[in-house]
Amino acid sequence: MSRFRLILSLIVALLLLNFSLIVHFELEQKHALKQATQLGMENQLWQFFQLHNEYQRLREVVEESDPSNLDKVILRFDIFYSRVHNFKMHGAENIAALKKHEIRVELLDPVAKYIYASAPLLDKGIFSSQEWQVFQELTQAQQSYINEMVHEARAENTREVDSYLKTIASWGEVRTLLAILQIVMLLLFAGLGVYALWRS
C-alpha cells in the first residue's frame with residue numbers, strides 16, 4: 001500500500017471514529033438533559049413542601065382544638081404521620097437530601113420520635129389537660145425541624161440542578177471540539193485529494 005493510501009485510510013478511520021464520538025457525546029448530553037428535566041418535573045423538593053404544608057395544617061388544628069374533639073387532629077396527624085414515616089423508612093434510599101446521615105439524625109429523627117410517641121396517645125383518645133398541653137408544645141416544637149429540612153432540600157435540589165447543567169455544558173464543549181477536529185480532518189482530506197489530482 002502506498003504512503004498516500006495509508007494516510008487516506010488513516011484519515012477515513014479517524015473521521016469515522018470522530019463521528020462515532022460526536023454521536024456518543026450527543027446521546028450523553030441528551031441523557032443528562034432528560035435527567036435535569038425529570039428532576040424539575042418529579043422534584044423531590046415537592047415532597048418536603050407537602051410535609052411542611054401537612055405540618056402547618058396539623059399545628060393549626062392542634063392549636064384550635066381541645067381534648068374533647070380530636071377528630072380533626074387525628075385526621076391531620078395521620079396524614080403527617082404517614083409522610084414522616086415514609087421519609088424515615090425510605091428517605092435514605094430515595095430522597096437525596098435525606099441521604100446525609102447528619103440530616104436524618106439531627107432533623108428527621110426528632111420529628112419521627114414525636115410522631116411515634118404521640119400516636120399511642122391519640123389512639124387512646126383521652127388526654128388530661130396537662131397531657132394536651134404537652135402535646136401542643138411538642139407539636140409546635142417540630143416547626144424548626146420541618147423548616148430546616150425544607151431548607152436542606154432546597155439546597156440539595158440546587159446542587160443537583162447545577163450538577164446536571166454542568167454535565168450538559170461539558171458534553172456540549174466536547175462535541176464542539178470534536179466537530180472542529182472533524183472539520184480540520186475534512187480539510188486535510190480535501191487537501192490530499194487536491195494533491196492527488198495535481199500529482200496525476
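Quick notes on the rules
- Numbering of residues begins from 1 in every chain and follows the order in which that chain's sequence is written.
- Confidence filtering applies because this is a predicted model: local features only for residues at pLDDT of at least 70, side-chain atom pairs given and counted only at 80 or more, and all residues used for totals across whole chains, interfaces and linings.
- As a rule here, side-chain values cover all heavy atoms of the structure and leave hydrogens and water aside.
- Only rings of Phe, Tyr and Trp enter the pairing, Trp through its six-membered ring, and a pair is recorded when the two centres are within 6.5 Å. The plane angle decides the type: under 30 degrees is stacked, over 60 is edge-to-face, the rest tilted.
- For helices the rule is a DSSP run of H or I covering at least 4 residues; for strands it is a run of E covering at least 2, with both sets numbered from the N terminus onward.
- Three labels apply to residues, based on accessible area from a 1.4 Å probe with only protein chains included: buried if under 20% of the type maximum, exposed if over 50%, partly exposed otherwise in between.
- Expected helix span is given by 1.5 Å per residue-to-residue step, counting one fewer step than there are residues.
- We call two residues in contact when some of their heavy atoms are within 4.5 Å.
- Under the rule applied, a polar contact is a pair of N or O atoms within 3.5 Å (in protein, one hydrogen donor and one hydrogen acceptor; residues adjacent in sequence only if both atoms are side-chain atoms).
- A score from 0 to 100, pLDDT tells how confident the predictor is in each residue.
- Helix axes are fitted to C-alpha atoms over the stretch in contact, other axes to C-alpha atoms as well, and angles between N-to-C directions run from 0 to 180 degrees.
- Just so you know how the angles are binned, under 35 degrees is roughly parallel, over 145 roughly antiparallel, 65 to 115 roughly perpendicular, and the rest oblique.
- Left-handed describes a crossing whose near helix is turned anticlockwise from the far helix through less than a right angle; right-handed describes the clockwise counterpart.
- Basically, the charged four are Asp, Glu, Lys and Arg, the nonpolar ten are Ala, Val, Leu, Ile, Met, Phe, Trp, Tyr, Cys and Pro, and anything else, Gly included, counts as polar.

Q: Would you mind showing me how to read the packing of aromatic side chains here?
A: For any two aromatic rings, the description comes down to two numbers: the centre-to-centre distance and the angle of the planes. Summed over all chains, the structure comprises seven aromatic pairs. When the centroid spacing of 5.8 Å and the interplanar angle of 50° are considered together, the rings of Tyr55 and Phe80 count as tilted. In this pair, Tyr55 is assigned in helix 2 (residues 45-64) and Phe80 in helix 3 (residues 71-94), connecting sequence segments 25 residues apart. Given the relative accessible area of 0%, Tyr55 is considered buried. For the ring pair Phe77 and Tyr114, a centre distance of 6.2 Å and an interplane angle of 75° mean the geometry is edge-to-face. On the criterion of sequence distance, the pair formed by Phe77 in helix 3 and Tyr114 in helix 4 (residues 101-124) is long-range, its members being 37 residues apart. Pair check on accessibility: Phe77 and Tyr114 agree, each one buried. Through successive ring pairs, a cluster of aromatic residues spans Phe77, Tyr81, Tyr114, Tyr116, Trp132 and Phe135.

Q: Can you help me understand helix 2 in this one?
A: Note on helix geometry: an α-helix contains 3.6 residues per turn, so any two residues three or four positions apart are oriented the same way. With 20 residues, helix 2 extends 29 Å between its outermost C-alpha atoms, agreeing within 8% with the 28 Å of an ideal straight helix rising 1.5 Å per residue. Of the positions making up helix 2, those classed as buried are Leu45, Phe48, Gln50, Leu51, Glu54, Tyr55, Leu58, Val61 and Val62.

Q: When you look at the environment of Pro110 in this model, what are you seeing that I'm missing?
A: With respect to the helices, strands and loops of the structure, Pro110 is situated in helix 4. Counting along the chain gives 35 residues from Pro110 to Tyr145, while the straight-line C-alpha distance between them is 7.7 Å. With sequence-adjacent residues up to four places away left out, Pro110 is seen in contact with Val105, Gln142 and Tyr145.

Q: Would you mind going over the environment of Ser118 with me for this structure?
A: Along the chain, Ser118 turns up in helix 4. Here Ser118 falls in the buried class, since its relative accessible area comes to 2%. Between the alpha carbons of Ser118 and Phe77 there is a distance of 9.1 Å; along the sequence they are 41 residues apart. In this structure Ser118 touches Phe77 and Phe135, once residues within four positions along its chain are discounted. A polar atom in the side chain of Ser118 sits 2.8 Å from the backbone oxygen of Tyr114.

Q: Would you mind showing me how to read the confidence of the model for the chain here?
A: Low pLDDT means the predicted coordinates in that region are not meant to be read closely. Across the chain, the average pLDDT comes to 78, with 72% of residues at or above 70. Confidence, read as mean pLDDT per element, is least for helix 1 (residues 3-41) in the chain (65) and greatest for helix 2 (91).

Q: Explain the side chain of Gln143 here, please?
A: Its place among the elements puts Gln143 in helix 6 (residues 143-199). The buried category is assigned to Gln143, whose relative accessible area is 15%. When neighbours within four sequence positions are excluded, Gln143 is seen to be in contact with His52, Tyr55, Gln56 and Arg59.

Q: I keep staring at the packing of helix 2 against helix 5 (residues 129-141) and nothing clicks. Help me out?
A: A pair of packed helices can be characterised by two numbers: the angle between their axes and the separation between those axes. Where helix 2 meets helix 5, the closest approach of the two axes is 10 Å, and the angle between their N-to-C directions is 155°. Taken as axis vectors, helix 2 and helix 5 run roughly antiparallel relative to one another. In this structure, helix 2 meets helix 5 at a crossing whose hand is left-handed. Residues Tyr55, Leu58, Arg59, Val62 and Glu63 of helix 2 pack against Trp132, Phe135, Gln136, Thr139 and Gln140 of helix 5. The residue makeup of the contact of helix 2 with helix 5, split by class, is five nonpolar, three polar and two charged.

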